[in-house]
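Survey of secondary and tertiary structure
Okay, here's what each chain looks like letter by letter:
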Amino acid sequence: MKAFVHRGQITKVVFGSGTRSRIPEEADALGCHRVLVLCTPGQADQAAETSDLLGAAAVGTFAEAAAHTPVEVTEKAVAHARTVGADAVLAMGGGSTIGLGKAIALRTGLPQLALPTTYAGSEMTPILGETEGNRKTTRRLPEVLLKTVVYDVDLTLTLPAALSVVSGINAMAHAVESLYAQDRDPVAFLMAGESLDALVRSLPVIERRPDDAEARSDALYGAWLAGTCLGTVGMALHHKVCHVLGGMFGLPHAETHTVVLPHVVAYNGPAAPEAMARIAQALPGDDVATGLFDFAARLGAPTALRDLGMPESGIAQAAELIVQDSYWNPRPVDRTTAHALLSRAWAGETP
Ligand code: NAD
């Protein structure tokens, strides 16, 4: 008998092509008629279009979302939301913009909608990461869960191929760690496997043809499933390593996940045979970790932490932080094994 606990999701999900046009009715369904649209400066035009679509139900855009959700940006956005009398926020963008929406919701209680445009998956999780000074903290808070997520495949067509690849592998990392999570459940396992199948199938096509609608649809579907898994079960060593590296060296999020994943899979493999078998089903080959490394390399993604700006002198301190206050992991980790893993990932060696 297999005993488990499964937590269901409360977020309404609308998925398809052209679904952005449904934003006015989704806002209305929540009883929201003064929606503030959030974005990064780079997506201001797209956000203005969404604000136009909402017409009288929008109170403009706030286009200052930034990586790692800095508290000073959140405070400015909260003040702006209060000034314009917003009754909801709509995050249009990737994890950075969705993070800002969650941070505003935590402080104001405003309901959130999102139009995700990357594969990071934050829209499906109760996880909020925030940065104050140079300290990033991450919490799981049910109150930051989104009410409605509208996935519009058309909005992902502009995500550059290189960013699509690393963002997609970021999603694969959520799926991989869900397969061996301490609190894994059969539903999360099924979703994670399906997510890996969809992403492994679609990312090579997107790398060659970023405007391939079918592949874009597959990738966004895989990302939704991976984000749902991330929001449902606990993560392990891989997410701990990426969290430490992002915080210590300000490394780019999706790229760091891409480099680290094959090394953690190589390490955890012997302790997680069922997970490895499911990954191998998505990515057939002699060795799962090597398969993930070759997959990323073939798509032109980075394979070495040194190429992302991590100094070699930081390896020892990062290893120390990884074992301090560590996440649960299927295989015990100590300073020596963490150091060895980081050294290989830093140099870009095969796992
Ligand atoms: P991002 O949101 O920082 O976006 C990267 C860049 O791509 C931005 O400049 C953005 O404007 C641009 N962009 C996004 N979509 C685009 C599109 N369709 N076309 C053109 N440009 C586009 O990157 P991300 O990887 O999505 O998110 C990373 C952040 O999200 C990190 O801070 C990470 O910690 C956080 N995150 C949080 C969770 C969670 O559950 N809380 C999950 C995953 C990631």
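Given the structure is predicted, the values throughout are model-derived calculations rather than measurements. (Residues numbered from 1 in each chain as written. Predicted model: local features only at pLDDT ≥ 70, side-chain atom pairs only at ≥ 80, totals over all residues. Heavy atoms only, no water.)

So, about the overall build of the chain. Helices and strands together make up the secondary structure of the chain, namely 13 helices and eight strands. Taken over the C-alpha trace, the chain has a radius of gyration of 19 Å; the compact-globule value for 351 residues is 20 Å, and the two agree within 12%. C-alpha atoms of the chain, sized along the principal axes, occupy 55 × 45 × 40 Å. Counting all 351 residues of the chain, 56% fall into the buried class. Considering only contacts in the chain between residues 6 or more positions apart, those separated by 24 or more positions represent 76%. A total accessible area of about 14,200 Å² is found for the chain, and carbon and sulfur atoms account for 53% of it. Averaging the coordinates of the 27 positive side-chain charges in the chain and doing the same for the 37 negative ones gives two points 4 Å apart. (Helix = DSSP H or I, 4+ residues; strand = E, 2+ residues; numbered from the N terminus. Rg over C-alpha atoms; globule rule 2.2 N^0.38 Å. Buried < 20%, exposed > 50% of the residue type's maximum accessible area, 1.4 Å probe, protein only. Contact = heavy atoms within 4.5 Å. Areas by Shrake-Rupley, 256 points an atom, 1.4 Å probe, with all protein chains shown as cover. Lys, Arg positive; Asp, Glu negative; His and termini not counted. Charge placed at Lys NZ, Arg CZ, Asp CG, Glu CD.)

A few words now on the pairing of strand 7 (residues 135-140). Relative to strand 7, strand 6 (residues 127-132) is paired through six bridges, and the arrangement is antiparallel. Residue pairing across strands places Ile 127 opposite Arg 140, the latter belonging to strand 7. As consecutive antiparallel partners, strand 6 and strand 7 are separated by two residues, and within that stretch Gly 133 has a phi angle of approximately 65 degrees, a positive value. (Pairing = 2+ DSSP bridges.)

Attention now goes to helix 5 (residues 161-179). A rise of 1.5 Å per residue sets the reference length of helix 5, with its 19 residues, at 27 Å; its end C-alpha atoms lie 27 Å apart and thus fit the reference within 8%. The buried count for helix 5 comes to 16 of 19 residues, which makes it a mostly enclosed element. (Expected span 1.5 Å × (residues − 1).)

This part is about unusual backbone geometry. For His 68, which is not glycine, the phi dihedral falls at a positive 70 degrees. For His 68, the position within the fold is in the loop between strand 3 (58-62) and helix 3 (71-84). For His 68, a relative accessible area of 28% gives the class partly exposed.

What follows deals with the sheet that holds strand 3. With parallel pairing, six strands are arranged side by side in an open sheet as 1-8-5-4-2-3. Edge positions in the sheet fall to strand 1 (12-16) and strand 3, since each has one partner strand and no second. Along the sheet, successive strands turn relative to each other by an average axial angle of 15 degrees, direction set aside. On top of the sheet, helix 2 (residues 44-54) reaches strand 2 (35-38), strand 3, strand 4 (88-93) and strand 5 (112-116); it is set at about 175 degrees to strand 3, its chief contact. Contacts from helix 7 (residues 213-232) reach strand 1 and strand 8 (148-152) within the one sheet, and its direction differs from that of strand 1 by about 165 degrees. (Axes fitted to C-alpha atoms, helices over the stretch in contact; angles between N-to-C directions.)

Turning our attention to the packing of helix 6 (residues 186-208) against helix 7. Put simply, helix 6 and helix 7 touch, their axes get as near as 7 Å, and they point 150 degrees apart. Judged on the interaxial angle alone, helix 7 and helix 6 are roughly antiparallel. Two packed elements cross with a definite hand, and for helix 6 against helix 7 that hand is left-handed. Judged by residue contacts, Ala 188, Met 191, Ala 192, Glu 194, Ser 195, Ala 198, Leu 199, Arg 201, Ser 202, Val 205 and Ile 206 of helix 6 engage Ala 215, Arg 216, Asp 218, Ala 219, Tyr 221, Gly 222, Ala 223, Leu 225, Ala 226, Thr 228 and Cys 229 from helix 7. Split into classes, the residues belonging to the contact of helix 6 with helix 7 amount to 14 nonpolar, four polar and four charged. (Parallel < 35°, antiparallel > 145°, perpendicular 65-115°, else oblique. Left-handed = near helix turned anticlockwise from the far one by under 90°. Nonpolar A, V, L, I, M, F, W, Y, C, P; charged D, E, K, R; others polar.)

This part takes up the state of the cysteines. Evaluated as defined, the whole model comprises zero disulfides. With no disulfide of its own, Cys 39 lies closest to Cys 32 among cysteine sulfurs, the gap being 19 Å. With no disulfide partner, Cys 242 has as its closest neighbouring cysteine sulfur the one in Cys 229, 17 Å distant. Assessed through its relative accessible area of 8%, Cys 242 is described here as buried. (Disulfide = S-S within 2.5 Å.)

On to the nonpolar core. Counting residues in hydrophobic clusters, the biggest one holds 75 residues, and the most contacted among them are Met 172, Leu 245, Leu 305 and Leu 342. Dropping the residues within four chain positions of it, Leu 342 is found in contact with Val 241, Leu 245, Leu 305, Ile 315, Ala 318, Ala 319 and Ile 322. Counting residues in each nonpolar core, the second largest holds 18 residues, with Cys 39, Leu 54, Ala 88 and Val 150 among its members. (Core = buried A, V, L, I, M, F, W, Y, C linked by side-chain atoms within 4.5 Å.)

With the rule as written, the count across this model stands at two aromatic pairs. Judged by centre distance (5.8 Å) and plane angle (45 degrees), the ring pair of Phe 15 and Tyr 151 falls under tilted. Note that Phe 15 is positioned in strand 1 and Tyr 151 in strand 8, a separation of 136 residues in sequence. Measuring from centroid to centroid gives 6.1 Å for Tyr 221 and Trp 224, while their planes differ by 45 degrees, and the two rings are tilted. Pair noted here: Tyr 221 and Trp 224 are both in helix 7, with a separation of three residues, about one helical turn. Taking relative accessible area as the criterion, Tyr 221 reaches 26% and is therefore assigned partly exposed. You can call Trp 224 partly exposed: its relative accessible area is 23%. The ring of Trp 346 has Arg 306 lying over it, and the distance from NZ or CZ to the ring centre is 5.1 Å. Above the plane of the ring of Tyr 267 lies Arg 331, whose end atom (NZ or CZ) is 4.1 Å from the centre. (Phe/Tyr/Trp six-rings, centres within 6.5 Å; stacked < 30°, edge-to-face > 60°. Lys NZ or Arg CZ within 6 Å of the ring centre and 35° of its normal.)

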